[in-house]
Amino acid sequence: NNNPLPMLTQAQLDAEIIANLTAQTTYANKQLQINSHLSNYYGNVGICSGNSIIPFDNTPPLITDGSQLWSQVVTPLNNSTTFEINFTGVIDCSGGNNITIALFRNTTLLGFITEKMGGSNHPATFGICIVDPADGVSGSFTYSCRIGVDSCSAWYVGKCASATMGSNNKCGWTIEEIG
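Residues numbered from 1 in each chain as written. Predicted model: local features only at pLDDT ≥ 70, side-chain atom pairs only at ≥ 80, totals over all residues. Heavy atoms only, no water.

A. View of the pattern of salt bridges. Counted according to the given criterion, the structure contains one salt bridge. A salt bridge links Arg 105 to Asp 132; its shortest N-O distance comes to 2.8 Å. Pair noted here: Arg 105 is in strand S5 (residues 98-105) and Asp 132 is in strand S7 (residues 124-133), with a separation of 27 residues, a long-range link. (Salt bridge = Lys/Arg side-chain N within 4 Å of Asp/Glu carboxyl O. Helix = DSSP H or I, 4+ residues; strand = E, 2+ residues; numbered from the N terminus.)

B. Quick look at the side chain of Thr 100. Within the secondary structure, Thr 100 sits in strand S5. We classify Thr 100 as buried; its relative accessible area is 3%. Separated by 2.8 Å, the side chains of Thr 100 and Thr 114 make a polar contact. Dropping the residues within four chain positions of it, Thr 100 is found in contact with Ile 54, Pro 61, Phe 112, Ile 113, Thr 114, Arg 146, Ile 147 and Gly 148. (Buried < 20%, exposed > 50% of the residue type's maximum accessible area, 1.4 Å probe, protein only. Polar contact = N/O pair within 3.5 Å; in protein donor to acceptor, adjacent residues only side chain to side chain. Contact = heavy atoms within 4.5 Å.)

C. Spotlight on the nonpolar core. Counting 28 residues, the largest nonpolar core has Leu 69, Trp 70, Phe 87, Ile 99, Ile 101, Tyr 143 and Ile 175 as its most contacted members. Where this core is concerned, the elements lending two or more residues are strand S1 (39-45), strand S3 (67-74), strand S4 (82-93), S5, S7, strand S8 (141-149), strand S9 (155-157) and strand S10 (171-177). Not counting residues up to four positions away in its chain, the partners in contact with Ile 175 are Ser 39, Asn 40, Tyr 41, Trp 70, Gln 72, Val 74, Phe 83, Glu 84, Ile 85 and Tyr 143. (Core = buried A, V, L, I, M, F, W, Y, C linked by side-chain atoms within 4.5 Å.)

D. Geometry of the packing of aromatic side chains. Across all of its chains, the model carries four aromatic pairs by this definition. Centroid distance Phe 83 to Phe 141: 5.7 Å. Interplanar angle 90 degrees. Geometry classified as edge-to-face. Taken together, the positions of Phe 83 in strand S4 and Phe 141 in strand S8 put the pair 58 residues apart, joining distant regions of the chain. A relative accessible area of 2% means that Phe 141 is categorised as buried. Ring geometry for Phe 141 versus Tyr 143: centroids 5.2 Å apart, planes at 85 degrees, classification edge-to-face. Assigned by exposure class, Phe 141 and Tyr 143 land together as buried. Three or more aromatic residues link up through ring pairs in this structure, and these residues are Phe 83, Phe 141 and Tyr 143. (Phe/Tyr/Trp six-rings, centres within 6.5 Å; stacked < 30°, edge-to-face > 60°.)

Listed below in C-alpha cells is the structure:
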C-alpha cells in the first residue's frame, strides 16, 4: 500500500492517546478483577526454638506432632475456591537430625518438607508452597504450620543454635484465596 499515513493535528493526537489509554485502563481493570486475589492473610513467625518431635518414619505427620508455628482461621469468599499457602523461614537444629515442616487444613495434612540438617549452626532456608483446592469445604477453617525434629534435639526458627541471626531474619507465611 503506497498511501501515506495522514498527518494528525495535536488535538487529534491527544484525542487518540486518551482513547487508547481509556481502552487500556478499562481492559486492565477487567483483567485485574479476573486475576485479583479474593482474600489474603499473612504473618511473621518470631525467633523461637523447641524440641518437639515429628517422627521420621513411614507415616505422615499428624496434627498432634511437633509444635505449632502459626495458624490462621480462613473464611472463603467463594464456595468452590483454591488457596495458596506459603511458608519460608531460616531453620536450624542441633545434632544434625531431620527437621520437618508440615502444613494442615484443620486436621488434614496438605503437605510437608523434611530436611537432614548439618548440625548446630548450619541453618537452612526452608520453603514450602501448597495449592489447596478447598472445594466442598464449607464455612471457616484453620490453616496451620507445625515443626518438629525426629529425635530429642532442639529446633530453631530464625536463628542458629548459638545465636540469633539479626533482627531482619523474619520467617513469614501467606495464604491467598486465588479463585
